[in-house]
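Tertiary structure, described
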Amino acid sequence: MLTVAEAHEIIAGCVRPLSPSRLRLSELLGLHLAEDVVSRIDSPPFDKSQVDGYAISTSDSSEFLCELELVTAGNLPREIVRPGTTIRVMTGAPLPEGADAVVKWEDCEVRDDGLIRNQARQVKTGSCVLRRGTAFRQGQVVLPAGKRIGPLDVALLAEIGQGEVAAHRRPRVGVLPTGDELVAAHEEAGPGQIRNSNGPMLLAALAEAGAAPVDLGVGRDDPADLRQKIALGLECDVLLVSGGVSAGVKDLVPGVLAELGVEEKFHQVRIKPGKPLWFGVRDEGQRRVLVFGLPGNPVSTLVSYRSFVLPALRALAGAQFSPPVTDRRPLSTPFEHRGGRPTYHPCRRNGDTVEPLAWKGSADLATLTRADCLAAMPPGDYRLEAGAEVEVIYL
Ligand code: AMP
Ligand code: MG
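Nothing here was measured: the structure is a model prediction, and the numbers come from that model.

How each quantity is defined
Residues numbered from 1 in each chain as written. Chains lettered and ligands numbered in written order. Predicted model: local features only at pLDDT ≥ 70, side-chain atom pairs only at ≥ 80, totals over all residues. Heavy atoms only, no water. Helix = DSSP H or I, 4+ residues; strand = E, 2+ residues; numbered from the N terminus. Rg over C-alpha atoms; globule rule 2.2 N^0.38 Å. Buried < 20%, exposed > 50% of the residue type's maximum accessible area, 1.4 Å probe, protein only. Contact = heavy atoms within 4.5 Å. Areas by Shrake-Rupley, 256 points an atom, 1.4 Å probe, with all protein chains shown as cover. Lys, Arg positive; Asp, Glu negative; His and termini not counted. Charge placed at Lys NZ, Arg CZ, Asp CG, Glu CD. Pairing = 2+ DSSP bridges. Axes fitted to C-alpha atoms, helices over the stretch in contact; angles between N-to-C directions. Salt bridge = Lys/Arg side-chain N within 4 Å of Asp/Glu carboxyl O. Parallel < 35°, antiparallel > 145°, perpendicular 65-115°, else oblique. Left-handed = near helix turned anticlockwise from the far one by under 90°. Nonpolar A, V, L, I, M, F, W, Y, C, P; charged D, E, K, R; others polar. Core = buried A, V, L, I, M, F, W, Y, C linked by side-chain atoms within 4.5 Å. Near = heavy atom within 4 Å. Polar contact = N/O pair within 3.5 Å; in protein donor to acceptor, adjacent residues only side chain to side chain. Arc of directions from axis to C-beta. Phe/Tyr/Trp six-rings, centres within 6.5 Å; stacked < 30°, edge-to-face > 60°. Lys NZ or Arg CZ within 6 Å of the ring centre and 35° of its normal.

Thoughts on the overall build of the protein
Along its length, the protein carries seven helices and 27 strands. For a compact globule of 395 residues, the expected C-alpha radius of gyration is about 21 Å, and the protein comes in at 31 Å, more than 25% above that figure. Each of the three principal axes of the protein carries a C-alpha extent, and together these read 95 × 55 × 40 Å. Looking at the protein residue by residue over its 395 residues, the buried ones come to 45%. A fraction of 69% describes how many contacts in the protein between residues 6 or more apart in sequence connect residues 24 or more apart. Surface exposure of the protein reaches about 19,100 Å², of which carbon and sulfur atoms provide 51%. Charged side chains in the protein number 44 positive and 50 negative. The centres of these two groups are separated by 2 Å.

Below is the structure:
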């Protein structure tokens, strides 16, 4: 059986980044940049006042200053600050010629006759002034290719006047939970039935990851129904099928995928939960679909999604394929492990340590909602004492 690292290597070798296209600011959130963004302006584009106050020359030794005019943001000074004079400026207004500092109005003494007491001797040149190009210069790379675009990045693109930029489009990811026992969340579950939790979980996880989820409904454990719904799903960039990939008599998914021309790359990984994971690809000319058959138990589905699907989605968006980031933490309580597969065990962080939760296995979603990380326990029968270091993956 494949190790997790071997499975990662196979998936990484199958991912071809989606072609980039030029997109507007409103379409970019969560996408990855396909090019370095170079600024075409200095920021700020002119010397400007950082406060509401009086623009002065620090070399002026007059005792009182006469106010020449008031300049608000968006307007240009008409006057020049000369000895004995000042210009009142509001935040964001361009610094008037002749001035080299601004004094906050709270720090100024304005006499009844309107003259302002000169503070120049206590004020340093450049005080309360943001100089042109302090943040960055024209020609500088302000956002690197590959960066995931968040609200601040959108703001920066707007600031430099870049209304469009090349980004990798959102992968369309089909979600097909399968099983005769499944009913929808709003339906009553009859005898032997359970509600479909994987579908809503995967659709939500995909939206969170910046993908475009496609809800394919629920597949029945029936070849004809699966064939029809999987065929629809193969029009996406990625297809996630949940359930039906183990060794049971109703585990029909791998057979149907093969019939529809999806080439199996691996089936089963040495990991708990998540052993039955199935992965394959289907090529149609230039178009490649990645297909993941995720084991049906909700926790197995989530662990497989985070361990294998999410890194593939990032690589589709042009980023390097990288397995989930891990850390090492000491256990806060002892832990006993049994079995020949590495186990991802739900834990909670407790200061610097992690506490293994009393977890009832792959169907126990409730415990997972209390967890904030998974400890990767090595295979074997052993007991770890409190303080023993384990590898963790943050959720
Ligand atoms: P399977 O992988 O199809 O053998 O399913 C394994 C277990 O996961 C069974 O107990 C299923 O009832 C359960 N299961 C399968 N699909 C879902 C789903 N979409 N939501 C919740 N549980 C599921
Ligand atoms: Mg099933």
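Some thoughts on the sheet that holds strand 25 (residues 373-377)
An order of 21-27-25-23-24 is seen for the five strands of this open sheet, with the pairing classed as antiparallel. Because the sheet does not close on itself, it has two edges, and the strands there are strand 21 (326-330) and strand 24 (353-356). This sheet shows a mean twist of 45 degrees between the axes of neighbouring strands, independent of strand direction. As paired elements, strand 25 and strand 27 (residues 389-394) share four bridges and run antiparallel to each other. Within the sheet, the bridge partner assigned to Leu-374 lies in strand 27 and is Ile-393.

Thoughts on the pattern of salt bridges
Counted by the stated rule, this structure contains 23 salt bridges. Close ionic contact of Arg-282 with Glu-284 constitutes a salt bridge, the shortest N to O distance being 3.2 Å. Take Glu-284: its relative accessible area is 45%, and that puts it in the partly exposed class. Between Glu-389 and Arg-328 there is a salt bridge, with its nearest N and O atoms 3.3 Å apart. Linking Glu-389 in strand 27 with Arg-328 in strand 21, this pair joins segments that are 61 residues apart in sequence.

Considerations on the packing of helix 1 (residues 4-14) against helix 6 (residues 298-316)
Two numbers describe how helix 1 lies on helix 6: the axes approach to 10 Å, and their chain directions differ by 25 degrees. Compared by their axis directions, helix 1 and helix 6 come out roughly parallel. Seen from above, helix 1 lies across helix 6 with right-handed handedness. Residues Val-4, Ala-7, His-8 and Ile-11 of helix 1 form the contact with helix 6, whose own contacting residues are Ser-307, Phe-308 and Ala-312. For the contact of helix 1 with helix 6, the per-class residue count stands at five nonpolar, two polar and no charged.

Structural notes on the pairing of strand 24
Of the two faces of strand 24, only one is covered, namely that formed by Val-354 and Pro-356; the face formed by Thr-353 and Glu-355 stays uncovered. Here strand 23 (residues 343-350) pairs with strand 24 via four bridges, running antiparallel. When the sheet's bridge partners are listed, Cys-347 is paired in strand 24 with Pro-356. Counting the residues between successive antiparallel strands, the hairpin from strand 23 to strand 24 contains two residues, one of them, Gly-351, with a positive phi of roughly 65 degrees.

Focus: the nonpolar core
Core analysis: the biggest nonpolar cluster contains 44 residues, and Ile-11, Leu-240, Leu-290, Phe-292, Tyr-305, Phe-308 and Leu-313 have the highest contact counts within it. At the level of secondary structure, the elements contributing two or more residues to this core comprise helix 1, strand 13 (172-177), helix 3 (198-208), strand 17 (238-242), strand 19 (278-284), strand 20 (287-294), helix 6 and strand 25. In terms of residue count, helix 6 provides more of this core than any other element does, eleven residues in total. Aside from chain neighbours lying at most four places away, what touches Leu-290 is Cys-14, Val-15, Asp-237, Val-238, Leu-239, Phe-279, Gly-280, Val-281, Ala-312 and Leu-316.

Points about the sheet that holds strand 1 (residues 20-24)
Within the open sheet, the three strands sit side by side as 1-12-2. Their pairing is antiparallel. Each end of this open sheet is capped by a strand with a single partner; those strands are strand 1 and strand 2 (32-33). Note that strand 2 and strand 12 (residues 164-168) share two bridges and pair antiparallel. Considered in strand 12, the bridge of His-32 is made with His-168.

A look at the site of ligand 1
Around ligand 1 sit 17 residues in total, of which Glu-181, Asn-196, Ser-197, Gly-244 and Gly-296 are the nearest. Note that a nitrogen atom of ligand 1 is positioned 3.0 Å from one of the backbone N or O atoms of Ser-197. A distance of 3.3 Å is found between a nitrogen atom of ligand 1 and a backbone nitrogen or oxygen belonging to Asn-198. Each residue belonging to the shell around ligand 1 can be placed in one class, and the counts come to four nonpolar, ten polar and three charged.

Description of helix 3
Along helix 3, the positions that sit buried rather than exposed are Asn-198, Gly-199, Met-201, Leu-202, Ala-205 and Leu-206. Buried residues of helix 3, seen end-on, are gathered within an arc of 165 degrees and therefore sit on one face of the element. Where helix 3 is buried, its residues contact strand 13, strand 16 (212-215), strand 17, strand 20 and helix 6. Following helix 3 by one or two positions, Gly-210 adopts a phi angle in the positive range, close to 85 degrees.

Quick look at the packing of aromatic side chains
Under the defined criterion, the tally for this structure stands at two aromatic pairs. Each member of the aromatic cluster is reached from another via a ring pair, and the members are Phe-266, Phe-279 and Phe-292. In this structure, Arg-111 packs its charged tip against the face of Phe-64, placed 4.1 Å from the ring centre.

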